[in-house]
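Next come the chains, spelled out residue by residue.
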Amino acid sequence: MWSSFKRWFHQWGSPKWFYERSLVWSRWLGLIALLCIPTSIIWGLFFAPADYQQGNSFRIIYLHVPAAVLAQSCYVLMAIAGLVGLVWKMKVADVVLKSAAPIGASFCFLALFTGAVWGKPTWGTWWVWDARLTSMLILLFLYFGVIALESAIQDTITAAKAAAILCLVSVVNIPIIKYSVDVWNTLHQPATFKLTEKPAMPMEMWLPLLIMTIGIYAFFGYVLFLRSRNEIIERERRTLWVRELVERESVA
Amino acid sequence: MNPKRKQRLLAVTFIVFGVGAAVGLALFALSQNINLFFNPTQVEAGEAPVDQRIRVGGMVVEGSVNRDPNSLAVTFDLTDYQGVVTVAYTGILPDLFREGQGIVTQGRLDAEGIFQADEVLAKHDENYMPPEIQRAVDKANRAETSY
């Protein structure tokens, strides 16, 4: 059991193995995203019932909540990749960390933007410096920090090390974001999406949200694999397997 | 696991937990300052500073909203089910403002203990439901209380 896990884990150390396998994975994820996102947008925007207090403006939840959840998950993924990269020196982990940062930053921005748009009609303000909103803004700046570090340092190994340390140190922000609404008085309401509890809304509102979240995760995986594959080809361009690959592609 | 990796893993774990503990302690020390607003109980107990810009949050007490018929001035009571604070405000209230709704107000506490608000923000909870269900819930509540 342990030895098979070890073998499975060490496979990830090979960029070639990752490159060959990830094509199929990315296609499946792309297909899931293509099915889930349009379904839930149409369902959520046209067929789900309006909220008893907020009316139709609550429908922005179908974009806001999945984007916010993903922005946080992506940072945790980057911290895990950073750990693997630092301890086991796996090249694929460095590549994944670098490729995930801009995607996570985009979703973090999307969550902040949709939150502001939603806040204006319901709360009466675009922005308020409460613990949830502020910690989410810090997350966006952390993403910018990781992207800046990666592009500021020429040497890929040093850049990966610096970014991994930044990710690991600042991942402490994620539990702060998550529990900010429970620990402090905030304007932001407590979590909508709880895996351990019964959802705080009826099924016909909650199902499109669930499908959208699955779709957004699949989309994230799809884009992450595309970006990682690109990055691997660029970094490994001097190796034999990439040259052979290019030769085969150019003949075909 | 080879010793070099073990050493690196230990170092990384140490850094992560060290930073986590440091930030945790700092936030614990600052926890009062991070709160967005004071509760009515805290205001009644005199914990809120007088004549400084602060926020007070709570539920609007049912039947306490008094609108001035000639202007936009309005007064209402805020409660956290323990303390009560009277708020005076002049201006347009957000859509979600209603009796029984949670709100956050920004302004100054005057010498008589009335909160002079210059901004009112509505707070809503994480429960969403279609209007028909809300009507059904209200109906059930009314039926229960009429017994």
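About the criteria used
Residues numbered from 1 in each chain as written. Chains lettered and ligands numbered in written order. Predicted model: local features only at pLDDT ≥ 70, side-chain atom pairs only at ≥ 80, totals over all residues. Domains from an automatic or database assignment. Buried ≥ 20, exposed ≤ 12 C-beta atoms within 10 Å, placed from the backbone. Helix = DSSP H or I, 4+ residues; strand = E, 2+ residues; numbered from the N terminus. Arc of directions from axis to C-beta. Contact = placed C-beta atoms within 7 Å. Axes fitted to C-alpha atoms, helices over the stretch in contact; angles between N-to-C directions. Parallel < 35°, antiparallel > 145°, perpendicular 65-115°, else oblique. Left-handed = near helix turned anticlockwise from the far one by under 90°. Nonpolar A, V, L, I, M, F, W, Y, C, P; charged D, E, K, R; others polar. Core = buried A, V, L, I, M, F, W, Y, C linked by C-beta atoms within 7 Å.

Just checking my understanding: could you explain the domain arrangement of chain B for this structure?
When the parts come together, some accessible area is lost, and that loss is often what is quoted as the size of the interface. Split into domains, chain B comes out as domain 1 (1-34) and domain 2 (40-122). The C-alpha-based centres of domain 1 of chain B and domain 2 of chain B are spaced at 41 Å.

Honestly, helix 7 (residues 173-183) of chain A in this entry has me stumped. Any pointers?
Counting along an α-helix, one turn takes 3.6 residues, and residues three or four places apart therefore face a common direction. All names here are of chain A. Within the span of helix 7, buried status applies to Ile 176, Ile 177 and Ser 180. The buried residues of helix 7 occupy one face: seen down the axis, they fall within an arc of 100°. Those residues of helix 7 that are buried are in contact with helix 3 (61-88) and helix 5 (131-152).

What is the right way to read the packing of helix 5 of chain A against helix 7 of chain A from this model?
Geometrically, a packed helix pair is captured by the angle between its two axes and the distance between the axes. Residues and elements named next belong to chain A. At a minimum axis separation of 8 Å, helix 5 and helix 7 run at an interaxial angle of 160°. Taken together, the axis directions place helix 5 and helix 7 in an arrangement best described as roughly antiparallel. Considering the relative orientation of helix 5 and helix 7, their crossing is left-handed. Contact with helix 5, carried on its side by Ala 131, Arg 132, Ser 135, Met 136, Ile 138, Leu 139 and Leu 142, involves Asn 173, Ile 176, Ile 177, Ser 180 and Val 181 of helix 7 and no other residues of that element. When the residues that make up the contact of helix 5 with helix 7 are grouped by side-chain class, the tally is 8 nonpolar, 3 polar and 1 charged.

Is there a simple way to think about the nonpolar core in this case?
Counting 93 residues, the largest nonpolar core has Ala71(A), Cys74(A), Met78(A), Leu97(A), Val146(A) and Cys167(A) as its most contacted members. Here Cys167(A) is in contact with Met78(A), Ala79(A), Gly82(A), Leu97(A) and Val146(A), once residues within four sequence places are set aside.

What exactly am I supposed to notice about the packing of helix 3 of chain A against helix 8 (residues 203-235) of chain A here?
All names here are of chain A. One can describe the packing of helix 3 onto helix 8 by two numbers: an axis separation of 9 Å at closest approach and a directional angle of 45°. One way to sum up the angle between helix 3 and helix 8 is to call them oblique. The way helix 3 lies across helix 8 gives a crossing that is right-handed. The segment helix 3 lies against helix 8, with Ile 61, Tyr 62, Val 65, Pro 66, Ala 67, Val 69, Leu 70 and Cys 74 engaging Pro 208, Leu 209, Met 212, Thr 213, Ile 216, Tyr 217 and Phe 220. Residue composition of the contact of helix 3 with helix 8, by class: 14 nonpolar, 1 polar and no charged.

What should I look at first to understand the interface of chain B and chain A in this one?
Counting residues at the interface gives 32 residues for chain B, matched by 34 residues for chain A. Of all elements in the fold, only helix 1 (3-34), strand 6 (115-122) and helix 3 (131-145) of chain B reach the threshold of two or more residues within the side of chain B that touches chain A. When residues in the side of chain B that touches chain A are grouped by element, the largest group, 10 residues, is from helix 1 of chain B. Considered class by class, the residues forming the side of chain B that touches chain A number 20 nonpolar, 6 polar and 6 charged.

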